[in-house]
Amino acid sequence: MRYFVILLAVLTSPYALATQARAAESPASGLTFTAAQLEEAAALRELALRDDTGYELLRSLTSRVGPRLAGTPGDAAAVAWAQAQLRALGFQNVHAEPVRVPRWQRGECRVELLSPWPQTCAAVALGGSVATPDSGVEAEVIPVTNLDELARMDSTRIPGRIVFFTGRMDRSADGSGYGRAVTVRGRAAAEAGRRGALAVAIRSVGTDRNRLAHTGAMRNKPGDTRIPAVAISNPDADLLEDQLASGQPVRMRIRNTSMWADSAWSANVIGEFPGRERPREIVVLGAHLDSWDLGTGAHDDGAGVAIMSAAARLIGRAPLRPRRTVRVVLFANEEFGLSGARAYARDHAAEVERHVFGMESDLGAFAPLGLRSRVPADRLSAIRAMQGVLTPLGVQYRGNDASGDADVGQLAALGIPVCDLDTDASEYFDLHHTANDTFDKVDPLLVRRNVACYAVLAWLAADLPGGFGRGPKGR
Ligand SMILES: [Zn+2]
């Protein structure tokens, strides 16, 4: 017993801990990189900064496929396009894995203020909205800031009215305003419907002043009361608030013909470059292939599709293939409920241990700013070395709290280590889910910088001899 205590004291002394830390960081331990590996990655970074493969892929996807809402002909065209492109880029094992997706059909949407001063608002149906009667619904508008205020409100004021959610999304480089605002989009109709509202209108979840509304999915649960739900553009939300501020009753008419249809087949599209030493072990580069229907899904998430495909192609052509396989997964139906990511996690459950690392691009093609990881503490030195290769691109290390984002986050929840590349989100939500999300808004130099970051991260992650162990399970 006494001997054990002394041994414990020696092992946990500051000297012993420092020695262990040095051992963990030496290349021989397999938990960080050699100078040669870091040089290989830096060379890939420089190649990416001169290569427009990603930008040209995005041009092709947006012009030849265009909008690709889950279950639509555009979605099917995107699945075919992606397989053809990956094969043409030299990927191996290119295939599509079927995924059943919900299908919602956008119809016509018209929102009019009838009194006191008649105006027509630029508006779109929220994803999943049910239709109004053919003649529309017409009612007085009750303004409310957010869901908390709705819950506190005198509930006798709501039945028979149209509830208007006025809350405005804040602009920020980290995109945090979106998380706060989007809960209204998800639950406004269900919460107002439960209290007897006829319909809801929300101020668009977006930071622009264009007369364009932002769509996006609602988060319905079984048993929810379903009422029509629309988003109106920020300028029209201002106009409506002005009319409400007059103190006179404001009457609105909403006519919407969107509706649910039968579910349909889509697919996750997969392609890879097998590793030179351990091809059964996989690093996943994820993006989602579906998009909203109003624009052409350029930043969301055509950019991610193009960036990840171009990054993997550079790795496939590198003088030295990494030890493990680099696999691109273009997920089906992220926007309407992560169908593809859930199907992938389920269908590949038996291979979870072979997935050594993951990352996802789904915040548009903007300036890379930061790297987050979700790895065991003894792998942080490897992550810091990866970030070091990205320092010339302006990427700082931001902590071990990565999520894996929406799709790859489903894998992170199973304990697969991940990293997030934070990009400057301050302009992303001007375009997000609007008719303005088109190719002309994408800067080719920023596509190159993103490709450079992911090529470096993926090559190094696939080549770390000791791998990344397991991350924490759960979200
Ligand atoms: Zn997206």
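Nothing here was measured: the structure is a model prediction, and the numbers come from that model. (Residues numbered from 1 in each chain as written. Predicted model: local features only at pLDDT ≥ 70, side-chain atom pairs only at ≥ 80, totals over all residues.)

### A word on the sheet that holds strand β11 (residues 278-288)
So, point 1. Spatial strand order, β1-β10-β12-β11-β13-β16-β14-β15: 8 strands in an open sheet with mixed pairing. Edge positions in the sheet fall to β1 (92-105) and β15 (396-399), since each has one partner strand and no second. Each strand of the sheet is rotated relative to its neighbour by a mean of 20°, with strand direction disregarded.
So, point 2. In this structure, β1 lies alongside strand β10 (residues 259-273), joined through 11 bridges in antiparallel fashion. Residue pairing for β10: Gln92 is matched across the bridge by Glu272.
So, point 3. Relative to β1, helix α10 (residues 339-347) is tilted by about 130°, and along the sheet it contacts β1, β10, β11 and β12 (324-331). (Pairing = 2+ DSSP bridges. Helix = DSSP H or I, 4+ residues; strand = E, 2+ residues; numbered from the N terminus. Axes fitted to C-alpha atoms, helices over the stretch in contact; angles between N-to-C directions. Contact = placed C-beta atoms within 7 Å.)

### As for the nonpolar core
So, point 1. Counting residues in hydrophobic clusters, the biggest one holds 142 residues, and the most contacted among them are Val200, Val230, Ala311, Tyr454, Ala455, Val456 and Ala458.
So, point 2. With 13 residues, helix α14 (residues 444-463) is the largest single contributor of residues to this core.
So, point 3. Ignoring sequence-local partners within four residues, the contact set of Ala458 consists of Val283, Leu285, Ala311, Ala312, Ile315 and Val326. (Core = buried A, V, L, I, M, F, W, Y, C linked by C-beta atoms within 7 Å. Buried ≥ 20, exposed ≤ 12 C-beta atoms within 10 Å, placed from the backbone.)

### Overview of the domain arrangement of the chain
You'll often see interface size given as the accessible area lost when the parts meet.
So, point 1. Along its sequence, the chain is organised into domain 1 (27-102 + 262-463) and domain 2 (107-257).
So, point 2. Spacing between the C-alpha centres of domain 1 and domain 2 amounts to 34 Å.
So, point 3. The interface of domain 1 with domain 2 comprises 18 residues on the first partner and 18 residues on the second.
So, point 4. If you tally residues by element for the side of domain 1 that touches domain 2, the top one is helix α13 (residues 428-431), at 3 residues.
So, point 5. When grouped by side-chain class, the residues that make up the side of domain 1 that touches domain 2 number 8 nonpolar, 6 polar and 4 charged. (Domains from an automatic or database assignment. Nonpolar A, V, L, I, M, F, W, Y, C, P; charged D, E, K, R; others polar.)

### Quick notes on the sheet that holds strand β5 (residues 137-144)
So, point 1. If you walk across this open sheet you meet the 8 strands as β3-β2-β9-β5-β6-β7-β8-β4, and the pairing is mixed. Two strands lie at the open edges of the sheet, namely β3 (119-121) and β4 (123-125), each paired on one side alone. Between one strand and the next, the sheet's axes are offset by a mean angle of 30°, whatever the strand orientation.
So, point 2. In the sheet, strand β7 (residues 199-203) pairs with strand β8 (residues 229-232) via 4 bridges, with the strands oriented parallel. By the bridge assignment for β8, Ala201 is matched with Val230.

### A few points about the packing of helix α4 (residues 53-65) against helix α5 (residues 73-88)
So, point 1. It is at 10 Å that the axes of α4 and α5 come closest, and there the two elements cross at 145°. In the crossing of α4 with α5, the sense of the turn from one axis to the other is right-handed. Residues Leu57, Leu61, Arg64 and Val65 of α4 pack against Gly74, Ala77, Ala78, Trp81 and Gln85 of α5.
So, point 2. When grouped by side-chain class, the residues that make up the contact of α4 with α5 number 6 nonpolar, 2 polar and 1 charged. (Left-handed = near helix turned anticlockwise from the far one by under 90°.)

### Examining unusual backbone geometry
So, point 1. Omega for the bond connecting Ser115 with Pro116 falls within 30 degrees of zero, at 5°, which places this linkage in the cis form.
So, point 2. Mapped onto the elements, Pro116 comes out in the loop between β2 (109-115) and β3.
So, point 3. Residues Asp300 and Asp301 are joined by a peptide bond in cis, for which omega reads -5°.
So, point 4. The phi torsion at Asp405 lies on the positive side, around 65°, for a residue other than glycine.
So, point 5. Among the structural elements, Asp405 can be located in helix α12 (residues 405-412).
So, point 6. Owing to 24 C-beta atoms within 10 Å, Asp405 belongs among the buried residues under this scheme.

### Side note on the environment of Val99
So, point 1. Residue position: Val99 is located in strand β1.
So, point 2. For the pair Val99 and Gly186, spaced 87 residues apart in sequence, the C-alpha to C-alpha distance is 23 Å.
So, point 3. In this view, Val99 contacts Ser266, Ala267, Asn268, Ala332, Asn333, Ser339, Gly340 and Ala343; residues no more than four positions away in its chain are not counted.

### Topic: the environment of His355
So, point 1. Note on placement: His355 falls in strand β13 (residues 355-360).
So, point 2. Leaving out residues up to four positions away in the same chain, His355 has contacts with Ile282, Val284, Leu411 and Ile416.

### What about the confidence of the model for the chain?
So, point 1. The share of residues in the chain with pLDDT of 70 or more is 94%, and the mean pLDDT across the chain is 93.
So, point 2. Predicted confidence for residues 1-24 stays below pLDDT 50, and this span has 8 contacts to residues more than four positions away or in other chains. (pLDDT = per-residue confidence, 0-100.)

### Focus on the pairing of strand β16 (residues 418-423)
So, point 1. Counting buried residues in β16 gives 6 out of 6 residues, a clear majority hidden from the surface.
So, point 2. Sheet analysis places β13 next to β16, joined by 2 bridges and oriented parallel. Opposite Met359, over in β16, you have Cys419 as the bridge partner.
So, point 3. Strand direction decides the pairing type here: strand β14 (residues 368-374) and β16, joined by 6 bridges, are antiparallel. Its bridge partner being in β16, Ser373 is matched across the sheet by Cys419.

### Quick notes on the packing of α4 against helix α9 (residues 298-317)
Axes are the key here: two packed helices are described by the angle between their axes and the distance separating the axes.
So, point 1. Two numbers describe how α4 lies on α9: the axes approach to 8 Å, and their chain directions differ by 135°. The angle between α4 and α9 places the two elements in the oblique class. For the pair α4 and α9, the sense of crossing is right-handed. Between α4 and α9, the contacting residues are Thr53, Gly54, Leu57, Leu58, Leu61 and Thr62 on the first element and Ala298, Gly302, Ala303, Val305, Ala306, Ile307, Ser309, Ala310 and Arg313 on the second.
So, point 2. Residues belonging to the contact of α4 with α9 are distributed by class as follows: 9 nonpolar, 5 polar and 1 charged. (Parallel < 35°, antiparallel > 145°, perpendicular 65-115°, else oblique.)

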